[in-house]
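Observations on chain architecture
Listed below are the residues making up each chain.
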Amino acid sequence: MRNVFTVDLEDWFHANYSGLTGPSDRRPSGHLRRQVDELLWMLRTASARATFFVLGEVAEADGRLAQTVVQAGHEVACHGYDHKLVSEMSCEAFKADLVRSVKALERAGTPRVRGYRAPSWSLEQSRVDLFEALAELGFTYDASLFPFRTFLYGDDRAPRRAFRTHAGLVEYPSSAIEVAGRRVSFFGGFYLRAAPYAAIAWGIRRLNREGLPAIIYIHPREIDPTHPRLRLRPRDRLVHYLNVSGTRAKLRRLFREFEFGAFADSPIVA
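A short tour of the structure in this document, coming up.

Quick notes on the packing of aromatic side chains
Scanning all chains against the criterion turns up 16 aromatic pairs. Here tryptophan 121 and tyrosine 217 contribute two aromatic rings whose centre-to-centre distance is 5.0 Å and whose plane-to-plane angle is 75 degrees, an arrangement assigned as edge-to-face. Of this pair, tryptophan 121 sits in the loop between strand E4 (115–116) and helix H5 (128–136) while tyrosine 217 sits in strand E10 (residues 215–218), placing them 96 residues apart in sequence. Accessibility assignment for this pair places tryptophan 121 and tyrosine 217 in one class, buried. Aromatic pair phenylalanine 146 and tyrosine 217: ring centres 6.4 Å apart, planes at 80 degrees, arrangement edge-to-face. One end of the pair, phenylalanine 146, is in the loop between strand E5 (141–142) and strand E6 (163–164); the other, tyrosine 217, is in strand E10, and 71 residues separate them in sequence. Across the pair, exposure class does not vary: phenylalanine 146 and tyrosine 217 are buried alike. Three or more aromatic residues link up through ring pairs in this structure, and these residues are Trp121, Phe146, Phe190, Tyr191 and Tyr217. Over the ring of phenylalanine 139 we find arginine 112; its NZ or CZ atom is 5.5 Å from the centre of that ring.

Take a look at the structure:
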């Protein structure tokens, strides 16, 4: 089964921890271009496609970065403008953020984007008005629901399978499996970095046996132990930086052992 590989294309300082105390200087460090180039090389070597959810702010900071992703054969989708939490936005503010983001991506040379993922999984299933706004602005799918609860985000009641929302959008929840009546995930971010590779591979195979593609997500900073560091509380620092040095090796093994495409490759979107 073809699984889905996704990248939340944001810079080192884009985070939403409540205890975040900086940085005041939000300038790009220069690491992001190298990180993206390495991800593109891995994908090309594996003959894999991916969906890159790109922040509008990032597209503006490097006008060629999003176009580089498109020219490499990958899908570009929207991740909002500057990584503000959608859960704290009114519908009007959300629409303005989407419009600003899409314009930034189009100025950077991308085709009209059709997909969206909220920063930090912050689009809640109950926000009907925001799903309607996405449909109104021409989006065809969303990938913002995280179907198990963590101390930061998520909803144990969210479906684990793709479904159509009342607004006609296709919703692709992040991947989770059920073990002994509880949902767990090994499939992106902290969870992929923390879990042994054997657990990740076992989880992907289990999802595939259920007829579900595994949706893997990663941030460019997670393959680069040398990128600048945020000042975080101990718990948040653990979540943000645990085992960053091991991410490259896990991704290489995933690309060798499993097939990956983009959301745009799925027939449910067409």
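From this point on, the discussion continues.
Section: the environment of isoleucine 200
Checked against the element boundaries, isoleucine 200 lands in helix H7 (residues 197–209). The buried category is assigned to isoleucine 200, whose relative accessible area is 0%. As a C-alpha pair, isoleucine 200 and glutamate 178 span 22 residues in sequence and 14 Å in three-dimensional space. If sequence neighbours within four positions are ignored, isoleucine 200 has contacts with Phe186, Phe187, Leu192, Ala195, Lys250 and Leu254.

What about the pairing of strand E2 (residues 51–54)?
Here E2 shows no split at all, with Thr51 and Phe53 on one side and Phe52 and Val54 on the other all buried. Summarising the sheet, E2 and strand E3 (residues 75–78) pair through four bridges and their orientation is parallel. Looking across to E3, one finds that valine 54 is bridged to cysteine 78.

Comments concerning the packing of H7 against helix H9 (residues 247–257)
Look at H7 against H9: their axes get within 11 Å of each other, and the N-to-C directions meet at 35 degrees. Judged by the sense of rotation from one axis to the other, the crossing of H7 with H9 is right-handed. From H7, Tyr197, Ile200, Ile204 and Arg205 reach across to H9, where they touch Lys250, Arg253, Leu254 and Glu257. Grouping the constituent residues of the contact of H7 with H9 by class yields four nonpolar, no polar and four charged.

Things to note about the environment of histidine 79
Checked against the element boundaries, histidine 79 lands in the loop between E3 and helix H4 (91–107). Each C-alpha atom, one on histidine 79 and one on alanine 50, is 15 Å from the other, the two residues being 29 residues apart in sequence. Discounting chain neighbours no more than four positions away, the residues touching histidine 79 are Asp8, Glu10, Phe53, Val54, Leu55, Tyr116, Arg117, Ala118 and Pro119.

What about helix H1 (residues 31–45)?
Spanning 15 residues, H1 covers 21 Å between terminal C-alpha atoms, matching the ideal 21 Å at 1.5 Å per step. Within H1, burial applies to His31, Leu32, Gln35, Val36, Leu39, Leu40, Met42 and Leu43. End-on, the buried residues of H1 take up no more than an arc of 165 degrees, which puts them together on one face. Among the exposed residues of H1, those oriented more than 90 degrees off its buried face are Arg34, Arg44 and Thr45. Looking at the buried residues of H1, the elements they touch are strand E1 (2–9), E2, helix H2 (56–61), helix H3 (65–71), E10 and H9. Serine 47 lies just past H1 and shows a positive phi near 55 degrees.

Reading the values: rules and limits
Residues numbered from 1 in each chain as written. Predicted model: local features only at pLDDT ≥ 70, side-chain atom pairs only at ≥ 80, totals over all residues. Heavy atoms only, no water. Phe/Tyr/Trp six-rings, centres within 6.5 Å; stacked < 30°, edge-to-face > 60°. Helix = DSSP H or I, 4+ residues; strand = E, 2+ residues; numbered from the N terminus. Buried < 20%, exposed > 50% of the residue type's maximum accessible area, 1.4 Å probe, protein only. Lys NZ or Arg CZ within 6 Å of the ring centre and 35° of its normal. Contact = heavy atoms within 4.5 Å. Pairing = 2+ DSSP bridges. Axes fitted to C-alpha atoms, helices over the stretch in contact; angles between N-to-C directions. Left-handed = near helix turned anticlockwise from the far one by under 90°. Nonpolar A, V, L, I, M, F, W, Y, C, P; charged D, E, K, R; others polar. Expected span 1.5 Å × (residues − 1). Arc of directions from axis to C-beta.

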